[in-house]
Amino acid sequence: MSGSEAGRRPCHGFLLSADRVIIGHRGKVLEEAAVLVVGEKLAWVGHTAALPEAYRSVRQVPLPGCTLLPGLIEGHAHLCLDGGTAPFDRFGTAGPEEVVGCAAEALRRMARAGVTTVRDMGAPAFLAEAFQHGTVLGEHPGPRVLHAGVPVTSPGGHCAVMGGEAADAGRALALIDANRRSGADWTKLMVTGGFLSSAASSPYRTQFPQHLLDSAVRTSHARAMKVAAHAHGVEGVRAAVAAGVDTVEHCTWMDEGGFRVDAALISEMSDRGTVVSVTVNSRARAATGRLPWHERRSQLAQLHTSGVPLIAGTDCGIGNTPHDDLPASLDAYIDFGMSPIEVIEAATGTNARLLGLAPQTGTLTPGGCADILAVHGDPLESLAHLTDVACVLVRGRPVVEPSPQPSSATALSWEYLCQ
Ligand SMILES: [Zn+2]
């Protein structure tokens, strides 16, 4: 039986044990510990030596030298873009089948890297419907998808190519309702322009009047949808916060003259609980162009020390940002003041809480989903170990089968586990 065939059915009752288990919450780490997977759920988590008598007969899979942690959560992705050198060009000429195929490949890559949940931040309507009907990957196991459907933008504005132009509040509300019908959990408002937009749309300027933003947020919340605001310039960040959005994406404080970080606004965001989605990819540290790392790390340090909650994510799908970039991106978070355990929790338990998914996923807790990443080595010593995948389970289903050694040619068969 091939891995993909085995992955179509759930596995019942086996114990993964490792050198340590990172719970994903409040800095908790168990040495010499294990998790018991039954169906889609975690049935037990604890020190291996304390395994209750009732579970001693289950199949045991020791992963010596490994660390178990919750599956990672990518907080900002575009599954319709291919992450290559010219993703918007390709999107502009692709038909629906090709775009859905791009999303399927993105989800497969993410799952293999240990990403078990993704928040998509902008897609065309047909892809939102494919998310809703679960037809992107079909029967194959893959990350759970939260999504915003079609982003709401101004005529000719940022990401207008996805089909969400709104010239007035009535059109914006109609788009929000259509997204809701496609199962969107979020509304994405392009509050400012972006760097991939037409010249008519500036990243430094607000694209919508305040009353439109206010009513879009009110309407979304009334429909149990959270609101993510794409905003670069300070004026757009201020408008988004005033409208009561849940998350500000990017929040780069850019204007024509450079950067204008607003300490009073940061303090207001902290008081209101407005979340910032950092969109840092694995190349961010080397950036010297319009958003140099020394500037970005200082902005993020200020947000972090001011108590603004941060969502971990990469904006994968955009140019030169592959969909499995999240694990390699996380080491950069050390530069803005997080410890390794805080970084891991940012991409697991904290992301789950900020995205409204706790306690379903994001931590290794009995009763929660068996979304599990096992890596070789100790990521608390070096976050680089996060890219050395030993095993991935998505809701108890295997994506990467357990391999006890980094170079092991014969991974343990899932069929064996499921006997
Ligand atoms: Zn984005």
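Counting of residues starts from 1 at the beginning of each chain's written sequence and follows it residue by residue. Per-residue local features are limited, in this predicted model, to residues with pLDDT of at least 70; the limit for side-chain atom pairs, both in listing and counting, is 80 or more; totals at the level of whole chains, interfaces and linings are taken over all residues. Where side-chain values are given, they derive from all heavy atoms of the structure, hydrogens and water being excluded.

## Section: the overall build of the protein chain
The condition is simple: The secondary structure listing takes helices from DSSP runs of H or I that are at least 4 residues long and strands from runs of E that are at least 2 residues long, numbered from the N terminus. Radius of gyration here uses only the C-alpha atoms, and the compact-globule reference equals 2.2 Å multiplied by the residue count raised to the power 0.38. In this scheme, a residue with accessible area under 20% of its type's maximum is buried, one over 50% is exposed, and one in between is partly exposed, where area comes from a 1.4 Å probe on protein chains only. Method for areas: the Shrake-Rupley scheme with a 1.4 Å probe, in which residue coverage is limited to the protein chains shown.
Of regular secondary structure, the protein chain possesses 12 helices and 17 strands. Relative to its length of 419 residues, the protein chain is compact, with a C-alpha radius of gyration of 21 Å against a globular reference of 22 Å. Dimensions of the protein chain along its principal axes, counting C-alpha atoms only, are 65 × 45 × 40 Å. Each of the 419 residues in the protein chain was classed as buried or not, and the buried ones make up 56%. For the protein chain, the accessible area works out to roughly 15600 Å², and carbon and sulfur atoms hold 51% of it.

## Here's the deal with the nonpolar core
What counts is decided by this rule: To form a nonpolar core, buried Ala, Val, Leu, Ile, Met, Phe, Trp, Tyr and Cys residues must be joined to one another through side-chain atoms within 4.5 Å. These domain limits were set by an automatic method or by a database of domain assignments. Whether two residues are in contact is decided by their heavy atoms: any pair within 4.5 Å suffices.
Grouped together as the largest cluster of nonpolar side chains are 86 residues, with contacts concentrated most on L127, V237, V248, W253, M269 and Y333. Each of domain 1 (3-71 + 362-417) and domain 2 (72-354) contributes no fewer than three residues to this core. When near neighbours in sequence (up to four residues on either side) are disregarded, M269 contacts V237, V241, V248, C251, W253, T274, V276 and V308. With 22 residues, the next largest nonpolar core counts I23, L30, L42 and L68 among its residues.

## Comments concerning the domain arrangement of the protein chain
What counts is decided by this rule: For any pair of parts, buried area is found by adding up, for both, the accessible area (1.4 Å probe) each one loses once the two are put together. By convention in these notes, a salt bridge is any Lys or Arg side-chain nitrogen within 4 Å of a carboxyl oxygen on Asp or Glu.
On domain assignment, one finds that the protein chain holds domain 1 (3-71 + 362-417) and domain 2 (72-354). When each unit is reduced to the centre of its C-alpha atoms, the spacing between domain 1 and domain 2 is 30 Å. With 32 residues of domain 1 at the contact, the number on the domain 2 side is 27 residues. Interface area lost by domain 1 to domain 2 is led by G71, L383 and L386, which between them contribute 25%. At the surface where domain 1 touches domain 2, the tally comes to one salt bridge. The salt bridge partner of R144 is D371, with a shortest N-O separation of 2.9 Å.

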